[in-house]
Amino acid sequence: MELETLQCADAPEITSCDFLSGDFEGGSTTWPKVRLGDYVNLLAGFPFKSQQFTVNPNDIALVKGENVSQGCILWGISKRWPVSDWEKMEKFHLLPGDVVIAMDRPWIPAGLKWSFIRVGDPKSLLVQRCARLRSNNGRLDQNFLRFVIGSPSFENYVKPITTGVNVPHISGQQILDFEFTLPPLPVQRRIAGILSAYDDLIENCQRRIRILESMARILYREWFVNFRFPGHENVPLVSSPLGAIPQGWEVVQLSSLVDFAKGRKPAETRPTQKLGDVKLLLIDSLHGGTPVFTSPAKLVLADIRDTIMVMDGASSCDVTIGSTGAVGSTLGRFRTTRPDVFSAHALYRFLEAKAEEFKSKNIGAAIPHANKDYILTQHIPLPPKTIASNFQVQLEPIQQSIETLKSQIQNLHQTRDLLLPRLLSGQMERNSIELSI
């Protein structure tokens, strides 16, 4: 597969100079202020018993507070429910277009916990303390609804009315009481169309990242697990603590190759960046949530080549690379100390490949914690410098393409987020919209 085919340069140009014609004329000065509850049906989820959760990927995915993130469902950490119950739980089926809001801890520093169900998402069921919103009449477009819920206005509405000390929460009635400006239906559809185009392009970039990630995983597995690197046919195998490995390779503990640092909890955080501040890396921000900024003093800092691992919680042992900032207290930073034979990307691919094994060794009953000692005592087959260097040469273009796509996603998010409140409020002037994505 040619790497250049995986770029977003082929993204279509969206031009909407005439967007504000017709029904848009007059903008928010003529649009009524309405109550959400008069236009949607709200359904709270079912209290599924945790004793019956499964890990079978063929069972039904559950949408609950822990896997509702900022604008997306984290399907990878979804609990499962027996597929045999699918028909009798019809009331709680989630359909494409449904908007979902977490009612417990609805707002966290990464942003509002809401999402919508996309075409192609897994079959899923709604769990208690999550609300599903569907338009109940022809006056509110379902696609427009998700932009209303994803708007700064709704987030700013939720934050001050969230109640509860131990578990901050919002009620269904409070959600239904939210008021917003409602354009005519044709304008709703045009607004949703423009904003959806950004979401489609973001999803397209994410799909291409998944393809590239798969290519990188296969490359790592072929070289470092199956030992099928270029020229392997001429290298005899010898015995080692890991079994047969190529002659000239050695087996070492991970602790001799990396520097590990557990993240720390900052004294304070701020929702917006100020001069001299650094981004605080949290679990949600690793999944694309809104960044939070903090002072760098006495914190563990990560650069773009460090591997970050989730150390605490349901997604413990999940890893990522390419994030920069101060590492939060639920995360750990792994940094290679011998990049000549064990590059940053080789470290990341090793930890990624072993994630499921590491999860099986978690410690802690109520909240699982990654077993740092078990991870650091893992044995690694270490190649000669020439092979390590060749591997990095092969992997680098893939990683660069991934980083390019991530940057494009960030730019698309920023542009979309700037447009969203202006479109919803009718602030955009006639003939002023010229969107080139």
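The shown structure was predicted, so the numbers you read here are calculated from the model rather than taken from an experiment.

Peer 1: Got a minute to help me understand the overall build of the protein chain in this structure?
Peer 2: Per the secondary structure count, the protein chain includes nine helices and 26 strands. A separation threshold of at least 6 residues defines the contact pool for the protein chain, and within that pool the share at least 24 residues apart is 76%. Element-wise, carbon and sulfur atoms account for 52% of the exposed surface of the protein chain, whose accessible area totals about 20900 Å².

Peer 1: Before we go on, may I ask you to explain the pattern of salt bridges in this structure?
Peer 2: Side chains carrying opposite charge are able to pair once their charged atoms draw close together. Applying the stated rule across the entire model yields 26 salt bridges. Between Glu66 and Lys64 there is a salt bridge whose closest N-O contact spans 3.9 Å. With a relative accessible area of 19%, Lys64 lands in the buried category. Beyond isolated ion pairs, a larger network of salt bridges with shared partners links Arg146, Asp199, Arg416 and Asp417.

Peer 1: Help me out: how do you make sense of the packing of aromatic side chains in this one?
Peer 2: Where two aromatic rings form a pair, the distance of their centres and the angle of their planes describe that pair. The final tally for this structure, using the stated rule, is 18 aromatic pairs. Centre to centre, the rings of Phe48 and Trp81 are 4.8 Å apart; their planes meet at 65°, and the pair counts as edge-to-face. Here Phe48, found in the loop between β3 (40–44) and β4 (60–63), pairs with Trp81, found in strand β5 (residues 80–81); they are 33 residues apart in sequence, far enough to count as distant. One exposure class covers both Phe48 and Trp81, and it is buried. When the ring of Phe224 is compared with that of Phe391, the centres are 4.8 Å apart and the planes differ by 80°; the resulting orientation is edge-to-face. Of this pair, Phe224 sits in helix α4 (residues 185–225) while Phe391 sits in helix α9 (residues 385–425), and the two are 167 residues apart along the sequence. Taking relative accessible area as the criterion, Phe224 reaches 6% and is therefore assigned buried.

Peer 1: Would you mind showing me how to read the pairing of strand β18 (residues 278–281) here?
Peer 2: In regular strands, side chains alternate between the two faces of the sheet. Bridge analysis of β18 against strand β19 (residues 292–294) gives three bridges, and the strand direction is antiparallel. Looking at the pairing, Lys279 lines up with Phe293 of β19. Taken together, the two bridges between β18 and strand β23 (residues 325–327) define a ladder with parallel strand orientation. Bridge pairing links Leu281 to Val327 in β23.

Peer 1: I tried to follow the packing of helix α1 (residues 142–149) against α4 on my own but got confused; where do I start?
Peer 2: In helix packing, the relevant descriptors are the interaxial angle and the interaxial distance, both defined with respect to the helix axes. Packing of α1 against α4 leaves a shortest axis separation of 8 Å and a crossing angle of 70°. Relative to α4, α1 is oriented roughly perpendicular. Crossing of α1 against α4: the hand is left-handed. Packed against α1, whose contacting residues are Asn143, Phe144, Arg146 and Phe147, the element α4 presents Gln188, Ile191, Ala192, Leu195, Ser196 and Asp199 at the interface. Within the contact of α1 with α4, the residues separate by chemical class into five nonpolar, three polar and two charged.

Peer 1: Explanation requested: the sheet that holds strand β11 (residues 130–135) in the structure shown.
Peer 2: Each strand in a sheet pairs with another by means of backbone hydrogen bonds, the pair being arranged parallel or else antiparallel. The four strands lie next to each other as β3-β11-β6-β9, forming an open sheet whose pairing is antiparallel. On the outer flanks of this sheet lie β3 and β9 (114–116), each paired with one strand and no other. Neighbour to neighbour, the strand axes of the sheet diverge by 25° on average, direction disregarded. Two elements, strand β6 (residues 99–102) and β11, share four bridges in a ladder whose sense is antiparallel. Paired with Ile101 across the two strands is Ala131, which belongs to β11. Against the sheet, α1 touches β3, β6, β9 and β11, its axis set at about 140° to β11.

Peer 1: Would you explain the sheet that holds β5 in this entry?
Peer 2: Strand order in the open sheet formed by three strands is β5-β4-β10, with mixed pairing between adjacent strands. Whereas interior strands pair on both sides, the edge strands pair on one side only; in this sheet they are β5 and β10 (124–126). Pairing between β4 and β5: two bridges, direction antiparallel. Directly across from Ile60, in β5, lies its bridge partner Trp81.

How each quantity is defined
Residues numbered from 1 in each chain as written. Predicted model: local features only at pLDDT ≥ 70, side-chain atom pairs only at ≥ 80, totals over all residues. Heavy atoms only, no water. Helix = DSSP H or I, 4+ residues; strand = E, 2+ residues; numbered from the N terminus. Contact = heavy atoms within 4.5 Å. Areas by Shrake-Rupley, 256 points an atom, 1.4 Å probe, with all protein chains shown as cover. Salt bridge = Lys/Arg side-chain N within 4 Å of Asp/Glu carboxyl O. Buried < 20%, exposed > 50% of the residue type's maximum accessible area, 1.4 Å probe, protein only. Phe/Tyr/Trp six-rings, centres within 6.5 Å; stacked < 30°, edge-to-face > 60°. Pairing = 2+ DSSP bridges. Axes fitted to C-alpha atoms, helices over the stretch in contact; angles between N-to-C directions. Parallel < 35°, antiparallel > 145°, perpendicular 65-115°, else oblique. Left-handed = near helix turned anticlockwise from the far one by under 90°. Nonpolar A, V, L, I, M, F, W, Y, C, P; charged D, E, K, R; others polar.

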